[in-house]
Amino acid sequence: ATTRHDATLALGEALSGAAAAGLLAARLAPLSPELTAAESAAIARAVDLYRDAATVLAQLVGSAPDADTTATATTTAANALAAWGDLVSPPQAAAPILSRAAAMYEEAVALESPEGSSSGGEDLLSALWNLADARVKCAECAANSGGHESAHTTFEASFAS
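Residues numbered from 1 in each chain as written. Predicted model: local features only at pLDDT ≥ 70, side-chain atom pairs only at ≥ 80, totals over all residues. Heavy atoms only, no water.

### Here we look at the side chain of Ser16
Note that Ser16 resides in helix H1 (residues 4-26). Dropping the residues within four chain positions of it, Ser16 is found in contact with Tyr50, Ala53 and Ala80. (Helix = DSSP H or I, 4+ residues; strand = E, 2+ residues; numbered from the N terminus. Contact = heavy atoms within 4.5 Å.)

Next comes the structure, spelled out in structure tokens:
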């Protein structure tokens, strides 16, 4: 039977999927001024959808009935945050979103570690890869904002896990 948790997870995944599909659809035409306007509108919609997905999924993380649902919700929330952060500018605005994504990926790594996981090593490898990617993006935001020392420290931490 479908539970409220299943429905919440499906909602978060659907919101993220709608955001990605909207971005893709806006980019499928030949380059033109109309395409640029359509892509800008699609980005604005995707930002809202990814934000909503991250919110819904983060709420599920705290109330999930089992470890598998918690791991899936954590990873999916982190993916939504990372995608949202990729679309936000300037870097100062994206940095806190990407930092939240990195924190969620850290949780996913802990959930997927051999001690905490009921799944195979593929999920752990994916979580580690996504964590490193989110940390590099955080470092890029810091560098673009003039925080070169912070960028260096964050970049080094990207590959320390």
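### As for helix H3 (residues 67-87)
Across its 21 residues, H3 extends 30 Å between first and last C-alpha, which sits within 8% of the 30 Å expected from 1.5 Å per residue. In terms of burial, H3 is largely enclosed, as 15 of its 21 residues are buried. Near the N-terminus of H3, the side chain that reaches the backbone nitrogen of Asp68, with its oxygen 3.2 Å away, is that of Asp66. (Expected span 1.5 Å × (residues − 1). Buried < 20%, exposed > 50% of the residue type's maximum accessible area, 1.4 Å probe, protein only. Polar contact = N/O pair within 3.5 Å; in protein donor to acceptor, adjacent residues only side chain to side chain.)

### Observations concerning the pattern of salt bridges
Scanning the model with the defined rule gives five salt bridges in all. Salt-bridge contacts for Arg27 lead to Glu39; the nearest nitrogen and oxygen are separated by 2.6 Å. Remark: Glu39 occurs in helix H2 (residues 33-61) and Arg27 occurs in the loop between H1 and H2; sequence separation between them is twelve residues. What makes Arg27 partly exposed here is its relative accessible area of 42%. Exposure remark for Glu39: the relative accessible area of 23% places this residue in the partly exposed category. A network of salt bridges, in which partner residues are shared, links Asp86, Asp133 and Lys137. (Salt bridge = Lys/Arg side-chain N within 4 Å of Asp/Glu carboxyl O.)

### Here we look at the packing of H1 against H2
Where H1 contacts H2, the two axes come as close as 8 Å, and the packing angle between them is 165°. Considering the angle they form, H1 stands roughly antiparallel to H2. Considering only the axes of H1 and H2, their crossing is left-handed. Residue classes in the contact of H1 with H2 are distributed as 19 nonpolar, five polar and two charged. (Axes fitted to C-alpha atoms, helices over the stretch in contact; angles between N-to-C directions. Parallel < 35°, antiparallel > 145°, perpendicular 65-115°, else oblique. Left-handed = near helix turned anticlockwise from the far one by under 90°. Nonpolar A, V, L, I, M, F, W, Y, C, P; charged D, E, K, R; others polar.)

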